[in-house]
Amino acid sequence: MKYNPLGRTGLLVSELCLGTMTFGGQGGIWEQIGGLAQESADGLVRAALEAGINFIDTANVYSTGLSEQITGQALRNLGVARDDVVVATKVLGPMGDGPNARGASRAHIIAQCHASLKRLQLDHIDLYQIHGVDPITPIEETMEALDTLVRSGAVRYVGVSNWAAWQISKALGIAERKNLAMIRSLQAYYTIAGRDLEREIVPMLAEEQVGLMVWSPLAGGLLSGKYHRDGSSVSGDGRRASFDFPPVNRDRAFAVIDAMRPIAEAHGRSVAQIAIAWLLHREVVTSVIIGAKRPDQLQDNIAATTVTLSSEDLTTLDAVSALPPEYPGWMIERQSGYRAGAKAGELPKTS
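Anyway, here's the lowdown on the structure attached to this text. Computed from a predicted structure; not experimentally measured.

1. Observations concerning the overall build of the protein
For the protein, the helix and strand inventory stands at twelve helices and ten strands. On C-alpha atoms alone, the protein measures out to a radius of gyration of 21 Å, which is about the 20 Å that the 2.2 N^0.38 rule sets for 351 residues. Across its three principal directions, the C-alpha atoms of the protein cover 65 × 55 × 35 Å. Taking all 351 residues of the protein together, 51% fall into the buried category. In the protein, 76% of the contacts between residues at least 6 apart in sequence involve partners at least 24 apart. Only carbon and sulfur atoms are counted for the fraction: they give 51% of the accessible area of the protein, which is about 16,400 Å². The positive charge centre, built from 33 side chains, and the negative charge centre, built from 38, are 3 Å apart in the protein.

2. Focus on the pairing of strand S10 (residues 287-290)
What you see with S10 is no split at all: Ser 287 and Ile 289 on one side and Val 288 and Ile 290 on the other are buried throughout. Relative to S10, strand S3 (residues 16-19) is paired through three bridges, and the arrangement is parallel. Looking across to S10, one finds that Leu 18 is bridged to Ile 290. Inspection of the sheet shows strand S9 (residues 211-215) paired to S10 by two bridges, in the parallel sense. Bridge assignment links Met 213 to a residue of S10, and that residue is Ser 287.

3. Considering the nonpolar core
By size, the foremost hydrophobic cluster in this structure holds 105 residues, and its most contacted members are Leu 212 and Met 260. Excluding anything up to four places from it in sequence, Leu 212 contacts Leu 186, Ala 188, Tyr 190, Leu 197, Leu 205, Val 284, Val 285, Thr 286 and Ser 287.

4. Examining the packing of aromatic side chains
For any pair of aromatic rings, the description consists of the separation of the ring centres together with the inter-plane angle of the planes. Per the stated rule, a full pass over the model turns up three aromatic pairs. Ring geometry for Tyr 189 versus Trp 215: centroids 5.3 Å apart, planes at 45°, classification tilted. You can see Tyr 189 sitting in strand S8 (residues 183-189) and its partner Trp 215 sitting in strand S9, a full 26 residues away along the chain. Given the relative accessible area of 17%, Tyr 189 is considered buried. Trp 215 gets classed as buried once you look at its relative accessible area, which sits at 19%.

5. A word on unusual backbone geometry
Cis geometry marks the peptide bond from Tyr 327 to Pro 328; its omega dihedral reads 5°. One can find Pro 328 in the loop between helix H11 (311-321) and helix H12 (329-335). Positive phi, close to 55°, is recorded for Ser 63, a residue that is not glycine. Following the sequence through the fold, Ser 63 ends up in the loop between strand S4 (55-57) and helix H3 (66-77). You will see that Ser 216, though not glycine, has its phi angle at about 50°, which is positive. The class for Ser 216 is buried, based on a relative accessible area of 16%.

6. Notes on the pattern of salt bridges
Inspection of every chain in the model, using the stated rule, returns eleven salt bridges. Between Lys 90 and Asp 57 there is a salt bridge, and its shortest N-O distance comes to 2.6 Å. Here Asp 57 lies in strand S4 and Lys 90 lies in strand S5 (residues 86-91), a separation of 33 residues in the sequence. A relative accessible area of 2% means that Asp 57 is categorised as buried.

7. What about helix H9 (residues 271-280)?
Most of H9 sits out of view: nine of its ten residues are buried. Inspection of H9 places Val 271, Ala 272, Gln 273, Ile 274, Ala 275, Ile 276, Ala 277, Trp 278 and Leu 279 among the buried residues, and these make up the whole buried set.

Rules used in this analysis
Residues numbered from 1 in each chain as written. Predicted model: local features only at pLDDT ≥ 70, side-chain atom pairs only at ≥ 80, totals over all residues. Heavy atoms only, no water. Helix = DSSP H or I, 4+ residues; strand = E, 2+ residues; numbered from the N terminus. Rg over C-alpha atoms; globule rule 2.2 N^0.38 Å. Buried < 20%, exposed > 50% of the residue type's maximum accessible area, 1.4 Å probe, protein only. Contact = heavy atoms within 4.5 Å. Areas by Shrake-Rupley, 256 points an atom, 1.4 Å probe, with all protein chains shown as cover. Lys, Arg positive; Asp, Glu negative; His and termini not counted. Charge placed at Lys NZ, Arg CZ, Asp CG, Glu CD. Pairing = 2+ DSSP bridges. Core = buried A, V, L, I, M, F, W, Y, C linked by side-chain atoms within 4.5 Å. Phe/Tyr/Trp six-rings, centres within 6.5 Å; stacked < 30°, edge-to-face > 60°. Salt bridge = Lys/Arg side-chain N within 4 Å of Asp/Glu carboxyl O.

Structure follows, in structure tokens:
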């Protein structure tokens with residue numbers, strides 16, 4: 001297991017992060033995604049820690065707090081030393097029926113942070129993330145609230161999830177101007193079959209040295225290799241059978257799967273391991289979040305850390321999954337050579 005700095009910080013996190021969305025399974029979509037009780041969750045947390053994973057991600061909205069509660073109790077049941085684990089959670093979604101029981105306002109963020117600490121049975125949260133975009137609350141208010149939590153000691157680092165590049169850039173500018181806690185990570189959807197992140201967000205993350213945590217690296221299980229093109233599962237089960245998310249261009253996805261199968265066979269690995277290994281080979285990726293319902297699923301995902309893709313493998317996978325040209329990307333690429341030869345005293349001809 002490798003450990004990477006979380007963005008521009010001294011905090012080291014494992015290249016795989018244990019996601020706990022399957023813990024609890026209480027109400028709404030959470031019943032379709034998971035449903036693991038305490039004993040089963042304890043087993044997954046134990047297996048993850050034994051494999052070298054020191055990073056765990058949850059959210060207050062997962063099963064309306066039950067996932068956090070189970071996660072905290074698992075750490076307590078297993079006797080995990082506080083310094084041996086990096087715990088991340090998130091805030092934004094509805095935690096009540098009232099109009100102010102959601103969002104990224106100062107009131108909601110601070111109240112929910114303390115509620116999360118209680119459920120997790122912790123004295124601080126290592127990474128506190130805004131779980132999406134609040135179209136009402138000014139980003140300045142959100143950043144000031146997060147800074148309050150950092151200065152109080154309740155939170156160590158702050159991040160965001162599912163934000164656009166311009167929103168993150170704006171937040172970083174506000175934080176720098178007002179001397180507030182900086183955004184250190186983005187949690188976002190990114191797969192070999194969904195590389196949209198590379199258009200605007202990846203260049204911004206690299207430029208600003210913001211870490212990237214990847215959610216749904218298998219596109220809701222679609223890239224596990226156990227689905228047919230009509231959407232049915234080889235085994236007759238699977239999350240996508242009842243919860244078809246995230247949205248995926250199926251033609252592109254199955255073209256990628258067809259390319260991964262021979263590579264997986266050549267390495268003696270599963271298709272899922274190749275999909276995760278491709279992400280682990282991306283320089284911008286800090287940690288890939290893996291979730292599971294069963295120990296064998298978790299172990300299969302963990303084994304992806306031992307897959308070394310050759311340059312030929314990567315060339316094949318990059319080619320089949322490449323994004324179609326889009327403006328202004330194709331214009332930026334066209335103009336990139338205008339000054340490329342300046343240091344050597346030669347400039348490309350314009351004719």
